[in-house]
Amino acid sequence: MQENKLKNYLLLHFIVFIWGFTAILGALISIDAIPLVFFRMALAVIFIVVYFILKKKSFYLTKKGFLNFLISGIIIASHWIFFFKAIKVSNVSVALVTMSTGAFFTSFLEPIFFKRNLKLVEIIFGVIVILGLSIIFNFESAYQLGIIYALISSFLGSLFAVLNGLFVKKYDENSISLYQLFFGTLFVFVYLFFAGKITSEFFILSKLDWMYLFVLSSVCTAYAFIASVKIMKYISPYTLMLTINLEPVYAIFLALLIFGEKEKMNPEFYFGAFIVLGVVLLNGILKNKEVLKQKIAQRLASKK
C-alpha cells in the first residue's frame, strides 16, 4: 500500500515537471495564446481518440456527464488561455510563481465542494501568499498584466482540480480527459470562428511550431492529463494543487537554462517568490503531519 502511494507521488512529481516544461513550450511557440490552446487541445483529443480505438474503450457518455464535462472543459480551456497569455505578456518565471496561488484558491474551494470546514491556518497562509505576490506586483510593474492573467488562470485551475476530485469518483479517468478536452476544443473553436479567425492561413504554422505543438499536445497534455486525473483517485485535490506549486521551481530552472537573461528578475521578485513558495512548502509539511496524525488516531481507534 505504502509502495503504491510512493509510486503515485513520484508520478505526480514527474507530471508536474512535464507541466513545467509546458510553460517553456508556450514561450517557444510563436502563435498567440488562444490559437495555441486550440491546437494543443485538438491534437490531444486526436491522440486520446486513437488510444480509445486501440484499447477498444467505450465512448458512451451520460447526459449528466455531458453537462459536467462541457462546463469543466470550458474551464480548463479558459485556464490554459490565461496561462499562455500570462507567459506571452510577461515571462515563464512571473507566470508560474503567480500560479502558485493555486493552493490558496483550492483551500477556499475544496471546503465548499467537499463540505469540510475552512481552516484558520489556510486563511493565514493565503494572506501571506498575497503579501508575497504584492511584493512581486509592486516591483515588477512591467509584468502586472501577466500577473493578473496568471491569477485568473490559477483560480480556474483550482476550480477545475476540485471538480475533477468529484468526477473521478463517478467516471473513468480516460473518459473525463477525452470529453473535457473535446468540449474545451469546441469552445475555443466556436470563439475563433465567430471572431473570424478560422481561415486557411490559421492552419499554416512553421515546422518548429508544429513540432513543439506535437510534444505539447501528446506528452504534456494527452499523457499528463489522463495520468493526473487517474492520480486523483488516490490523492486529494488540495495535495494535487500543492504539488503543482513546485512547477515554478522546475520551470524557472529550465527557463534560466534556455532563455537566459530574459528570465532574470530583480531581487524583490525572488524575495516575493521565496515567500510564496516557502508558504506552499510549509503548508505541505503541516498538511502531511495532519494526515499522519489522523491515520494514527484511526489505527488506535480500530484496535480498541
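Residues numbered from 1 in each chain as written. Predicted model: local features only at pLDDT ≥ 70, side-chain atom pairs only at ≥ 80, totals over all residues. Heavy atoms only, no water.

Just to check I follow, could you spell out the packing of helix α8 (residues 173-194) against helix α9 (residues 207-231) for this structure?
Put simply, α8 and α9 touch, their axes get as near as 8 Å, and they point 130 degrees apart. Classified by the angle their axes make, α8 and α9 are oblique. For the pair α8 and α9, the sense of crossing is right-handed. Residues Glu173, Asn174, Ile176, Ser177, Gln180 and Leu181 of α8 lie in contact with α9, whose contacting residues are Thr221, Phe225, Ile226, Val229 and Lys230. Of the residues contributing to the contact of α8 with α9, the split by class is five nonpolar, four polar and two charged. (Axes fitted to C-alpha atoms, helices over the stretch in contact; angles between N-to-C directions. Helix = DSSP H or I, 4+ residues; strand = E, 2+ residues; numbered from the N terminus. Parallel < 35°, antiparallel > 145°, perpendicular 65-115°, else oblique. Left-handed = near helix turned anticlockwise from the far one by under 90°. Contact = heavy atoms within 4.5 Å. Nonpolar A, V, L, I, M, F, W, Y, C, P; charged D, E, K, R; others polar.)

Looking at this structure, I do not really get the environment of phenylalanine 271. What am I missing?
Counting through the fold element by element, phenylalanine 271 comes out in helix α12 (residues 267-303). Linking phenylalanine 271 and leucine 133, residues 138 residues apart in sequence, is a C-alpha distance of 9.9 Å.

Help me out: how do you make sense of the environment of glycine 184 in this one?
Inspection of the secondary structure puts glycine 184 in helix α8. For glycine 184, a relative accessible area of 0% gives the class buried. Glycine 184 sits 111 residues away from glycine 73 along the chain, and the two C-alpha atoms are 4.3 Å apart. When near neighbours in sequence (up to four residues on either side) are disregarded, glycine 184 contacts Met41, Gly73, Ile74 and Ala77. (Buried < 20%, exposed > 50% of the residue type's maximum accessible area, 1.4 Å probe, protein only.)

How do you make sense of the packing of helix α3 (residues 63-89) against helix α4 (residues 92-99) when you look at a structure like this?
Two quantities define a packed helix pair, namely the angle between the helix axes and the distance between the axes. Where α3 meets α4, the closest approach of the two axes is 7 Å, and the angle between their N-to-C directions is 140 degrees. Classified by the interaxial angle, the pair formed by α3 and α4 is oblique. Along the contact surface, α3 presents His79, Phe83, Ala86 and Ile87, while α4 presents Val92, Ala95, Leu96 and Met99. Tallied by class, residues from the contact of α3 with α4 come to seven nonpolar, one polar and no charged.

Would you take a moment to explain helix α7 (residues 144-167) for this structure?
The terminal C-alpha atoms of α7 lie 35 Å apart, and with 24 residues this matches the ideal 34 Å at 1.5 Å per residue to within 8%. Of all 24 residues making up α7, 17 are buried, and the element is well covered by its neighbours. (Expected span 1.5 Å × (residues − 1).)

I keep staring at the side chain of serine 217 and nothing clicks. Help me out?
Take serine 217: it is sitting in helix α9. Only 2.8 Å separates the side chain of serine 217 from the backbone oxygen of leucine 213, close enough to count as a polar contact. Those residues in contact with serine 217, other than ones at most four positions away along the chain, are Arg40, Leu43, Ala44, Phe47 and Ala222. (Polar contact = N/O pair within 3.5 Å; in protein donor to acceptor, adjacent residues only side chain to side chain.)

Where do I start with the packing of aromatic side chains in this structure?
Inspection of the entire model under this criterion finds 22 aromatic pairs. On the basis of an interplanar angle of 85 degrees and a centroid distance of 5.5 Å, the ring pair of phenylalanine 193 and phenylalanine 194 is categorised as edge-to-face. Using a relative accessible area of 69% as the deciding quantity, one classes phenylalanine 194 as exposed. For the cation-ring pair, arginine 40 lies above tryptophan 80, with the distance from its terminal atom to the ring centre recorded as 3.9 Å. (Phe/Tyr/Trp six-rings, centres within 6.5 Å; stacked < 30°, edge-to-face > 60°. Lys NZ or Arg CZ within 6 Å of the ring centre and 35° of its normal.)

What am I meant to see in the nonpolar core here?
One recurring pattern in soluble globular proteins: nonpolar side chains tend to sit buried together. Membership of the largest hydrophobic core comes to 70 residues, with the highest contact counts inside it found for Trp80, Phe84, Val92, Leu181, Val188 and Leu216. Elements with a contribution of two residues or more to this core: α1 (2-28), α2 (33-55), α3, α4, α7, α8, α9 and α11 (247-259). With residues near it in sequence (within four places) discarded, leucine 216 still touches Thr22, Leu25, Ile29, Leu36, Arg40, Phe84 and Thr221. Counting residues in hydrophobic clusters, the runner-up holds 13 residues, among them Val97, Leu133, Ile136 and Val279. (Core = buried A, V, L, I, M, F, W, Y, C linked by side-chain atoms within 4.5 Å.)

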